[in-house]
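# Chains, contacts and geometry: an overview
Listed below, chain by chain, are the residues.
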Amino acid sequence: MAITWGITSCSREQQKQNQVSIDGGAVGYAIHQAVAEEFQKLNPNAQVSVASSGTGGGVSKFCAGEIDIVGASRPIKDEEIERCKKKNIDFVEVPIALDGIVVIVNRQNEFAKCLTIEELGKIWNSKSDRKITNWNQVNSSFPNQRLKLYAPASDTGTFDYFTQAVTGKAKNSRTDYTPSHNQNVLVQGVSGDANALGYVGISYYMENQDKLNLVAVQSPQGTCQKPVPLDNVVKNIYLPLSRPLLIYVNKKSLDTKPSVRDFVNFYVDNSWKWVEAVGYVSLPDEAYPRIKQKLASGETGSKFKDAKPGEPIANLL
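The rules behind each value
- Residues numbered from 1 in each chain as written.
- Predicted model: local features only at pLDDT ≥ 70, side-chain atom pairs only at ≥ 80, totals over all residues.
- Heavy atoms only, no water.
- Axes fitted to C-alpha atoms, helices over the stretch in contact; angles between N-to-C directions.
- Helix = DSSP H or I, 4+ residues; strand = E, 2+ residues; numbered from the N terminus.
- Parallel < 35°, antiparallel > 145°, perpendicular 65-115°, else oblique.
- Contact = heavy atoms within 4.5 Å.
- Nonpolar A, V, L, I, M, F, W, Y, C, P; charged D, E, K, R; others polar.
- Disulfide = S-S within 2.5 Å.
- Buried < 20%, exposed > 50% of the residue type's maximum accessible area, 1.4 Å probe, protein only.
- Expected span 1.5 Å × (residues − 1).
- Salt bridge = Lys/Arg side-chain N within 4 Å of Asp/Glu carboxyl O.
- pLDDT = per-residue confidence, 0-100.

### With respect to the packing of helix α12 (residues 258–270) against helix α14 (residues 287–297)
- α14 packs onto α12 with a crossing angle of 170° between their chain directions and a minimal axis gap of 10 Å. With respect to their mutual orientation, α12 and α14 come out roughly antiparallel. Side by side, α12 and α14 meet where Val264, Asn265, Val268 and Asp269 of the first sit next to Tyr288, Ile291, Lys292 and Leu295 of the second.
- Tallied by class, residues from the contact of α12 with α14 come to five nonpolar, one polar and two charged.

### A closer look at the state of the cysteines
- A full pass over the atoms with the stated rule returns two disulfides.
- Put simply, cysteine 63 and cysteine 84 are joined by a disulfide, and their sulfur atoms are 2.1 Å apart. Handedness of the cysteine 63-cysteine 84 disulfide follows from its S-S torsion of about -75°: it is left-handed. Of this pair, cysteine 63 sits in helix α3 (residues 54–63) while cysteine 84 sits in helix α4 (residues 78–86), placing them 21 residues apart in sequence.
- Classification of cysteine 63 by relative accessible area gives buried; the value is 2%.
- The disulfide bridge from cysteine 114 ends at cysteine 224, spanning 2.1 Å between sulfur atoms. Sign of the S-S torsion, about -95° for the bond between cysteine 114 and cysteine 224, identifies this disulfide as left-handed.

### Let's talk about α12
- Helix length check: α12 (13 residues) gives 18 Å between terminal C-alpha atoms against 18 Å at 1.5 Å per residue, within 8%.
- For α12, the set of buried residues is Ser259, Val260, Phe263, Val264, Phe266, Tyr267, Val268 and Asn270.

### Details of the pattern of salt bridges
- Considering all chains together, one arrives at 17 salt bridges under this definition.
- Its salt-bridge partner being lysine 61, residue aspartate 23 comes within 2.9 Å of it at the nearest N-O pair. Here aspartate 23 is found in strand β1 (residues 19–24), whereas its partner lysine 61 is found in helix α3, with 38 residues between them in sequence.
- Overall, lysine 61 belongs to the partly exposed group, its relative accessible area being 29%.
- Between glutamate 82 and lysine 85 there is a salt bridge whose closest N-O contact spans 3.7 Å. With a gap of three residues between them, glutamate 82 and lysine 85 both fall in helix α4, about one helical turn apart.
- Through salt bridges with shared partners, a single ionic network connects Arg74, Lys77, Glu80, Asp160 and Lys171.

### Considering the confidence of the model for the protein
- Mean pLDDT for the protein: 91, with 94% of residues reaching 70 or above.
- Here residues 1–5 is a poorly scored stretch, pLDDT under 50, and it has zero contacts once near neighbours within four places are set aside; other chains count.

### Some words on unusual backbone geometry
- Along the chain, valine 228 connects to proline 229 via a cis peptide bond; the corresponding omega equals 5°.
- Here proline 229 lies in the loop between β10 (224–225) and α10 (231–234).
- In the segment running from leucine 239 into proline 240, the intervening peptide bond is cis, with an omega of 5°.
- Structurally, the position occupied by proline 240 is in the loop between α10 and β11 (242–250).
- The phi dihedral of lysine 171 falls on the positive side, at around 65°, and the residue is not glycine.
- Among the secondary structure elements, lysine 171 is positioned in the loop between α7 (157–167) and β7 (178–180).

Next comes the structure, spelled out in structure tokens:
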């Protein structure tokens with residue numbers, strides 16, 4: 001009986017060592033999934049689970065010690081770092097790709113071709129709740145038509161990043177809009193409503209270009225810029241709505257579970273193969289060796305949480 005128990009216990013421990021769990025934002029999920037599938041083909045004993053609870057939901061699980069890796073579409077927050085510390089969870093911060101948050105309108109909309117950050121702030125600021133309800137309140141040259149808004153839910157990384165970028169303050173968003181954790185639902189809403197405006201990750205626009213109009217955003221230099229071509233994201237031309245996509249890896253998992261260490265190294269070495277195929281932008285070439293060096297040294301903490309929009313990835317590494 002004791003021998004049987006010993007074998008079972010050993011088997012369970014081995015199974016645990018082969019498991020890799022990753023959860024987080026919908027933006028970036030397709031990359032995690034593609035990498036996991038390819039990794040498991042080469043490592044049949046590995047058991048990689050990939051889920052999408054949103055950046056906020058994923059980080060909550062991560063800081064509770066429930067998962068090995070969290071995918072985030074915005075940098076980790078100070079309060080989340082404190083939550084992780086209370087559970088003695090250190091993490092390694094790894095950028096995996098670049099993304100642009102795009103502003104979209106209905107195909108029938110021919111007037112909202114470029115919006116300033118001030119106009120976007122007027123639309124989305126919490127003070128505009130139930131007050132800025134028509135297009136001509138945003139810009140007097142726009143028609144007196146109802147403004148219908150669609151955006152990611154308030155616990156998503158896309159919501160957090162966009163709100164901070166256009167209003168200058170976290171969580172400073174109006175609430176009278178149609179939210180969804182599924183950005184395809186937002187695309188459907190905007191494409192089906194002539195008076196609609198929304199914002200989504202760039203991959204959702206790229207998949208639905210025939211259904212939407214892409215709105216340019218005025219850069220700090222005063223020029224109207226779009227994230228397409230994608231070089232505008234890499235070269236920090238599309239500001240301030242270009243952002244890094246990241247994964248946060250539990251340091252203990254990285255040190256004690258070979259499956260997690262192998263998976264993360266495989267991720268950094270190979271994710272570029274799928275990044276652009278699923279609608280995101282690869283990191284600059286010089287970033288990858290620095291990320292590998294960071295993983296090898298086990299450097300913990302976040303350098304991205306206080307970064308200014310457009311700050312080069314290589315500088316932060």
